[in-house]
Amino acid sequence: MSKISNMSRHWLALLLATLALIIGMTATAAPAAVAAPDRYGADAAEEIMRAGGNAVDAAVAVAFALAVTYPEAGNLGGGGLATLVMNGRSYFLDYRERAPGHASAGMYLDAAGAVIPDASMVGARAAAVPGTVMGLWQMHRKFGRLAWRRDLAPAVKLAKDGYTVSEPQAEHARAVIESLAGRTNFADYFRLQAGQNLRQPELAATLARIARAGVNDFYRGRTAAIMVAEMRRQGGLIDAQDLADYRAIWRAPLTASWAGYTVITAPPPSSGGIALVQLLKMKQLAAPLFAGLGLNTPQYVHLLAELEKPVFADRAEYLGDPDYTKVPVERLIDDAYMAARVGAISKDRPTATAAVGPGLAEHHQTTHFSIIDRWGNAVSNTYTLNDDFGARAIVRGAGFLLNNEMDDFSIKPGTPNMYGVVGGAANAIAPGKRPLSSMTPTLLVRDGHVEMVIGTPGGSRIFTSVFQVISNWHDFGMSLTAAVAAVRVHHQLLPSQVIFQEPYAQLDAATIAALEQRGYKLEQQDYNGDIQAIAVRGGEVTAAPDPRGTGVGRVIH
Ligand code: DON
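Everything numeric here is computed off the predicted structure, so don't read it as measured data. (Residues numbered from 1 in each chain as written. Predicted model: local features only at pLDDT ≥ 70, side-chain atom pairs only at ≥ 80, totals over all residues. Heavy atoms only, no water.)

## A closer look at the packing of aromatic side chains
A ring pair, where both rings are aromatic, is described by two values, the distance of the centres and the angle of the planes.
(1) Moving on: Here the structure, examined in full by the defined rule, presents 18 aromatic pairs.
(2) Moving on: With a centroid separation of 5.9 Å and 45° between ring planes, the pair formed by F190 and F389 is classed as tilted. Comparing F190 with F389, the two get one shared label, buried.
(3) Moving on: Here a set of aromatic residues connected by ring pairs shows up, and it is made of F218, Y219, Y246 and F400.
(4) Moving on: The side chain of K142 reaches across the aromatic face of W250, ending 5.1 Å from its centre.
(5) Moving on: Across the ring face of F290, the terminal group of K283 is positioned such that the distance to the ring centre comes to 5.1 Å. (Phe/Tyr/Trp six-rings, centres within 6.5 Å; stacked < 30°, edge-to-face > 60°. Buried < 20%, exposed > 50% of the residue type's maximum accessible area, 1.4 Å probe, protein only. Lys NZ or Arg CZ within 6 Å of the ring centre and 35° of its normal.)

## Concerning the nonpolar core
(1) Moving on: Counting 91 residues, the largest nonpolar core has F64, L76, L84, F186, L207, F369 and I371 as its most contacted members.
(2) Moving on: For this core, the element with the highest residue contribution is helix α3 (residues 55–69), accounting for 13 residues.
(3) Moving on: Setting aside chain neighbours within four positions, we find L207 in contact with F64, V68, L76, L152, A155, V156 and A159.
(4) Moving on: Of all hydrophobic cores here, the second largest spans 66 residues; its members include V263, V327, V421 and I499. (Core = buried A, V, L, I, M, F, W, Y, C linked by side-chain atoms within 4.5 Å. Helix = DSSP H or I, 4+ residues; strand = E, 2+ residues; numbered from the N terminus. Contact = heavy atoms within 4.5 Å.)

## Remarks on the side chain of S120
(1) Moving on: Looking at where S120 falls in the secondary structure, it is placed in the loop between β3 (89–95) and α4 (132–143).
(2) Moving on: Given a relative accessible area of 3%, S120 falls into the buried group.
(3) Moving on: A distance of 2.6 Å separates a polar atom in the side chain of S120 from a polar atom in the side chain of D407.
(4) Moving on: Excluding anything up to four places from it in sequence, S120 contacts Y108, A126, N404, M406, D407 and I411. (Polar contact = N/O pair within 3.5 Å; in protein donor to acceptor, adjacent residues only side chain to side chain.)

## Describing the pattern of salt bridges
(1) Moving on: For the structure shown, the criterion picks out 26 salt bridges.
(2) Moving on: The residue R96 makes a salt bridge to E97 at a minimum N-O spacing of 4.0 Å. You'll find R96 and E97 in the same group, each marked buried.
(3) Moving on: Notably, a salt bridge pairs K281 with D335, separated by 3.0 Å at the nearest N-O pair. Placement of K281 in helix α12 (residues 272–285) and of D335 in helix α16 (residues 335–343) is noted, with a sequence separation of 54 residues between them. (Salt bridge = Lys/Arg side-chain N within 4 Å of Asp/Glu carboxyl O.)

## Thoughts on the sheet that holds strand β6 (residues 249–251)
(1) Moving on: The strand order β6-β3-β2-β10-β9-β1-β19 describes an open sheet built from seven strands, whose pairing is antiparallel. Two strands bound the open sheet, and with one partner strand each, they are β6 and β19 (552–556). Taking each pair of neighbouring strands and ignoring which way they run, the sheet shows an average axis angle of 15°.
(2) Moving on: As judged from the three bridges shared by strand β1 (residues 32–36) and strand β9 (residues 367–372), these two strands associate in the antiparallel manner. Following the sheet pairing, V34 is matched in β9 by I371. (Pairing = 2+ DSSP bridges. Axes fitted to C-alpha atoms, helices over the stretch in contact; angles between N-to-C directions.)

## Things to note about the site of the ligand
(1) Moving on: Near the ligand, the surroundings consist of 16 residues, among which T366, E405, D408, S437 and S438 are the closest.
(2) Moving on: Side-chain polar atom of T366 to an oxygen atom of the ligand: 2.5 Å apart, as the coordinates give it.
(3) Moving on: Within the side chain of N386, a nitrogen or oxygen atom sits 2.7 Å from a nitrogen atom of the ligand.
(4) Moving on: Protein chains bury 97% of the 340 Å² of accessible surface belonging to the ligand in isolation.
(5) Moving on: Split into classes, the residues belonging to the shell around the ligand amount to five nonpolar, eight polar and three charged. (Near = heavy atom within 4 Å. Areas by Shrake-Rupley, 256 points an atom, 1.4 Å probe, with all protein chains shown as cover. Nonpolar A, V, L, I, M, F, W, Y, C, P; charged D, E, K, R; others polar.)

Printed below as a string of structure tokens:
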């Protein structure tokens, strides 16, 4: 008898030791990670994943938390795109805003057909129907492990108890207030002091209602009614029907093979995935031209600009909401087409802007976070109000900012939007249509495992930034941290021969002189993205927030 119990004790001890080993191994083999644009976002992800939540629970928690602590871009009143790998399968969720039912192609033009300054950018009339709450709800319905209310808890608490306003945020809000000169109600809510504890009671009540009543509150309930009342006050177009009709859409992600990876990224209504795949493929096809070139040397920057020209020409001509315009996705990323485009680039002198057109034979403050959980599921999420603080107008009584995503439409053919990009019929305003995006939430998968989660804000700079970081990391074998920090440049066909650089990290004087010699104009832009990336290489997980921003990366063991 005692022998048997000794034996079973022995087996029990062995079993426990084995279990401990397995648990220990799992913990070291697969830590979770997050890269988010502020520490409150990273905290929310960590709290939810420690409570047993998966990558989707964490994404929901981060997105709602940033709607409180990062009003520049985190939002309830905007929209976004998410690329996911869950249980080994890839998914894409389009929760982009839609034009209101009463929107029309000429709505931002005066009687003479001229663009009314700021009309598509400031105030409630610039807002498209928000998609964020619906998107997060649908994502949670399909994949969440924890209760919806649990995932919203960090955000509710931050809105109710407050968070600490950072210096850059206070400064930014002050500059916006100055430029608005009282045109909207922004100053009533966002006169901020650095270091202040900002409590947002209206927003806390809205979040508590959404936590309790779910998505219906926002699209058909109390919050919907408050939003429609605000539209009446400000002359906005969104009505109860627009809200009731809003749906996020699960679309097939855009996938492509590149360098042994499956690139999983954003399809239309974003231009980002197509552009990213075009850039990656063209750089690979142009490998002989790139051979031996140092990163960001004059010839390297010239070749990047040459690759970017046809990408932006195609974007302006072919891309728009796929539910309204037939977008020739496969043809745009076809290897033979890419080879033809590469064949036309100029080896040394910049090709004249006018000589670069769309190439197919016939015509027919955003923010990003990246999450990977201990099961290897991943969410790459970019969402936005468009401009920093969106339309700079708040839904009074509900405490959240409205987007100005209508400016992402081509409001007049050939007229540049706030990012300087143009478009035509494919991206013209129509009721219910989604404006063309550049957001590029992306995953790189190899042998069934996610090896990179990446994305950034930056408008038309988004996909050129994602492209440069992937290329630095892969082609130059840099660490993820170094790849994110490296100098980034940007060219977008228009303005002609302009290469943008940014204060954070500059090309050196000799490189600038050499590029100017070739006919390029170097211009400063104040901002070139805020990459949030995670890489898994040889079992090691790295979370790399962009040193250009206030992001926090965390590996959670
Ligand atoms: O969807 C888009 O492409 C834009 N609305 C993104 C805006 C953005 O990235 C602003 N960030 N600086």
